[in-house]
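Fold and contact review
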Amino acid sequence: MNQEMQNALLKSARRDLIDYPQVGIKQKTKNLVKKMIGRGDSIPKRDYISWPNGMLALAIEDSNIEDQVLDVFLSKWTSNGFSIRSVEDTVSGLAFLKKSLAENDSEEYQKASRMIYDYLMAAPKDEEGSFLYNPKQNNNYVLVDMIGMVCPFLSLWGREMSCDEAYDIAEKQILNFVKYGMDDETLLPYHGYEICTDSKLGIIGWGRAIGWLLMGEAGYLLYAPKERPNYVIIEEQFKITVDTIRKYQNKSDLYEWKIDIFPKTIDTSASAMILDSIATWLLRKYEENSMNDAEVIAKYRDMLSKGFEELTGHINDGKVYGAQAECLGLGLHPDKFGSYPWSVGPTLSLMMKLKKLGVIK
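Reading the values: rules and limits
- Residues numbered from 1 in each chain as written.
- Predicted model: local features only at pLDDT ≥ 70, side-chain atom pairs only at ≥ 80, totals over all residues.
- Heavy atoms only, no water.
- Helix = DSSP H or I, 4+ residues; strand = E, 2+ residues; numbered from the N terminus.
- Expected span 1.5 Å × (residues − 1).
- Bend = angle between axes of the 7 residues up to and from the residue.
- Buried < 20%, exposed > 50% of the residue type's maximum accessible area, 1.4 Å probe, protein only.
- Core = buried A, V, L, I, M, F, W, Y, C linked by side-chain atoms within 4.5 Å.
- Pairing = 2+ DSSP bridges.
- Contact = heavy atoms within 4.5 Å.
- Axes fitted to C-alpha atoms, helices over the stretch in contact; angles between N-to-C directions.
- Parallel < 35°, antiparallel > 145°, perpendicular 65-115°, else oblique.
- Nonpolar A, V, L, I, M, F, W, Y, C, P; charged D, E, K, R; others polar.
- Salt bridge = Lys/Arg side-chain N within 4 Å of Asp/Glu carboxyl O.
- Arc of directions from axis to C-beta.
- Phe/Tyr/Trp six-rings, centres within 6.5 Å; stacked < 30°, edge-to-face > 60°.

1. Topic: helix H7 (residues 145–161)
- The end-to-end C-alpha distance of H7 is 25 Å, a good match for the 24 Å that 17 residues give at a rise of 1.5 Å each.
- The largest bend in H7 comes to about 25 degrees, at Cys151, with the proline Pro152 one to four residues further on.
- Summarising burial for H7: 14 of the 17 residues are buried, a large majority.
- Phi turns positive, to about 50 degrees, at Ser162, one or two residues after H7.

2. Considerations on the nonpolar core
- Among the nonpolar cores identified, the biggest contains 111 residues, and Leu17, Phe96, Phe131, Phe153, Leu154, Ile278 and Leu354 are the most heavily contacted of them.
- With 11 residues, helix H9 (residues 207–223) is the single largest residue contributor to this core.

3. What to know about the sheet that holds strand S2 (residues 192–194)
- Spatially, 3 strands are ordered S1-S2-S3 in an open sheet, and the strand pairing comes out antiparallel. Looking at the sheet topology across the chains shown, the edges are occupied by strand S1 (142–143) and strand S3 (199–201).
- Sheet topology note: the S1/S2 ladder contains 2 bridges and is antiparallel. From the neighbouring strand, Val142 faces S2, where its bridge partner is Tyr193.
- Along the sheet, helix H8 (residues 164–180) contacts S1, S2 and S3; its crossing angle with S2, the most-contacted strand, is approximately 85 degrees.

4. Details of the packing of helix H1 (residues 2–19) against helix H4 (residues 69–79)
- Interhelical geometry of H1 versus H4 gives an angle of 10 degrees and a closest axis separation of 10 Å. Here H4 runs roughly parallel to H1, going by the angle between their axes. Contact with H1, carried on its side by Arg14, Leu17 and Ile18, involves Val69, Leu70, Val72, Phe73 and Lys76 of H4 and no other residues of that element.
- In terms of residue class, the contact of H1 with H4 is built from 6 nonpolar, no polar and 2 charged.

5. Here we look at the pattern of salt bridges
- In this structure the tally under the stated criterion is 19 salt bridges.
- A salt bridge links Lys353 to Asp62; the shortest N-O distance between them is 3.7 Å. Here Lys353, found in helix H13 (residues 341–357), pairs with Asp62, found in helix H3 (residues 51–62); they are 291 residues apart in sequence, far enough to count as distant.
- The partner of Glu160 in a salt bridge is Arg159, and the shortest N-O contact between them spans 2.8 Å.
- Connected via shared salt-bridge partners are Asp62, Lys98, Asp276 and Lys353.

6. Regarding helix H6 (residues 107–122)
- In this model, H6 (16 residues) spans 23 Å end to end at C-alpha, consistent with the 22 Å of a helix rising 1.5 Å per residue.
- Among all positions of H6, only Tyr109, Ala112, Ser113, Ile116, Tyr117 and Leu120 are buried. Projected down its long axis, H6 shows its buried positions confined to an angular sector of 130 degrees, all on one face. What points out from H6, more than 90 degrees from its buried face, is the exposed set Glu107, Glu108 and Ala122.
- Each element contacted by the buried residues of H6 is listed here: H4, helix H5 (90–102), H7 and H8.

7. Section: the packing of aromatic side chains
- In this structure the tally under the stated criterion is 15 aromatic pairs.
- Arranged with centres 5.1 Å apart and planes meeting at 40 degrees, the rings of Trp51 and Trp342 form a pair that is tilted. With a gap of 291 residues between them, Trp51 in helix H3 and Trp342 in helix H13 connect regions that are remote in the sequence.
- Classification of Trp342 as buried rests on a relative accessible area of 1%.
- Between Phe238 and Trp281, the aromatic rings sit 5.0 Å apart at their centres with planes inclined by 50 degrees, giving tilted as the arrangement.

So, to be careful, I would describe these as geometric facts and stop short of saying anything about function.
Take a look at the structure:
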């Protein structure tokens, strides 16, 4: 049953990697009218490697199958001018980097990851060195989304390129957010912060905010050397967050879209991101086969198993339903739920990791 489900998820991910987002007839008509009246330059350009597509690309790459769809994904981007819209595109950068390592000497994927790394090095940051989410809006907002988007990429880059600077920048993103973006009472993250106005932004405990935070920390813990002074600090923070949110799991072992309010609505995307991040963290311990880590793996294994079992109840025909729609801005969380790349991708990645961990067959 799990294999059939995995195949269906993979088929869905492969299709949406290339087609998402689909432009509706209404929007196509508007775009056509703009072109006819000479306003074609006002049509928003498509971001071919946006973070939703990146989530799918990562899941496909993690599946370790012979598949040409990532080549099609890459070629669509390259043929449209290698445009990098924002730090969000780093999610796809991680897929490109992992693909270049899997193929050993893939010039195209190496070039793609190098371009994204160079983009990050030049991207605007605040006075503490954290990436600004959307500097074109004339603010200095640092959002938690970026922790999950950039830190895994930078950590893998640091490992493969022997680049201490990449590790340093990844650590800075995590430690700055822990310092400025967490609620001291609940130990849950806000959506973001702005140092220059001494402001914490958005709501506390948004489910996907927790998912992004854990995703970034887990990616760092998977790739960074344990000898780095900040490794233990970041791992302890990761465990604090995981242990904190365990009490918020509802009776179905999943998480609400705002996890500290009951009853609300389960968000399968937040749940999958959280569970996948925990599995990522445990994977290194499992593969290193350290006796000291056996107790840690056993502690969280049941959490992963029960959560995944409940998650499968929301899967139908390769789609993972019950995911909250894309956030529209700070505090703007739509009351709309369906299947999106940010539920399909993390669920597929989670399945692959659980198989490696021996949690499922």
